[in-house]
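One-letter residues, chain by chain:
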Amino acid sequence: MEHIRGISIKKYAELCADMDDVLNDRQACIKIAAENGIKRSDWEAAHSGWQERITDPSDMGRTASVFVAHWKDAKNNRNK
């Protein structure tokens, strides 16, 4: 899978796992992205792009499945 603005699906899932508690707070998400070395414009483009791919019906859930697997791994690793 191609990266979006330098952010892989794995990195995107890891960031989303970090953002679980603040997903509805755009500024908090931008701050977490920045703490991980990602510029605001790159985060916003990657977030929009990955969400578009994840929800694209023509993708038949492939991207969503990869995202969920990485997200679960990230959540499990943080809970250890």
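Above this text you will find the structure in question.
Every chain is numbered independently, its residues counted from 1 as its sequence is written. Restriction of local features to residues with pLDDT of at least 70 applies here, the model being predicted, together with a cutoff of 80 or more for giving and counting side-chain atom pairs; totals for whole chains, interfaces and linings are based on all residues. Water and hydrogen atoms were dropped before computing side-chain values, which therefore reflect all heavy atoms in the structure.

Asker: So what's going on with the state of the cysteines? Residues and values would help.
Answerer: Any pair of cysteine sulfurs within 2.5 Å is marked as a disulfide. Following the criterion strictly, the structure yields zero disulfides and no others. No disulfide involves cysteine 16; its nearest neighbouring cysteine sulfur is the one of cysteine 29, lying 7.8 Å away. Buried means the residue's accessible area, taken with a 1.4 Å probe over protein chains only, is under 20% of the maximum for its type, while exposed means over 50%, and partly exposed covers the values in between. For cysteine 16, a relative accessible area of 7% corresponds to the buried category.

Asker: Residues and numbers for the environment of alanine 17, please.
Answerer: Structurally, the position occupied by alanine 17 is in helix α1 (residues 9-18). Given a relative accessible area of 5%, alanine 17 falls into the buried group. Expressed as a C-alpha distance, the spacing of alanine 17 and tryptophan 71, which sit 54 residues apart in the sequence, is 5.9 Å. With residues near it in sequence (within four places) discarded, alanine 17 still touches Trp71, Ala74, Lys75 and Arg78. Counting from the N terminus, the helices are DSSP H or I runs at least four residues long and the strands are E runs at least two residues long. In what follows, residue pairs with any heavy atoms lying within 4.5 Å of each other are defined as contacts.

Asker: Provide a residue-level description of helix α2 (residues 26-35), including the pertinent values.
Answerer: All of the buried residues in α2 are Ala28, Cys29, Ile30, Ile32 and Ala33. Looking at the buried positions of α2, the neighbouring elements they touch are α1 and α3 (40-55). The definition of a polar contact used here is a pair of N or O atoms within 3.5 Å, where within protein one atom must be able to donate a hydrogen and the other to accept one, and adjacent residues in sequence count solely through side-chain atom pairs. At the N-terminal boundary of α2, the capping side chain belongs to aspartate 25, with an oxygen 3.2 Å from the backbone nitrogen of glutamine 27. At the exit of α2 stands glycine 37, carrying a positive phi of roughly 80 degrees.

Geometry only, nothing functional implied.
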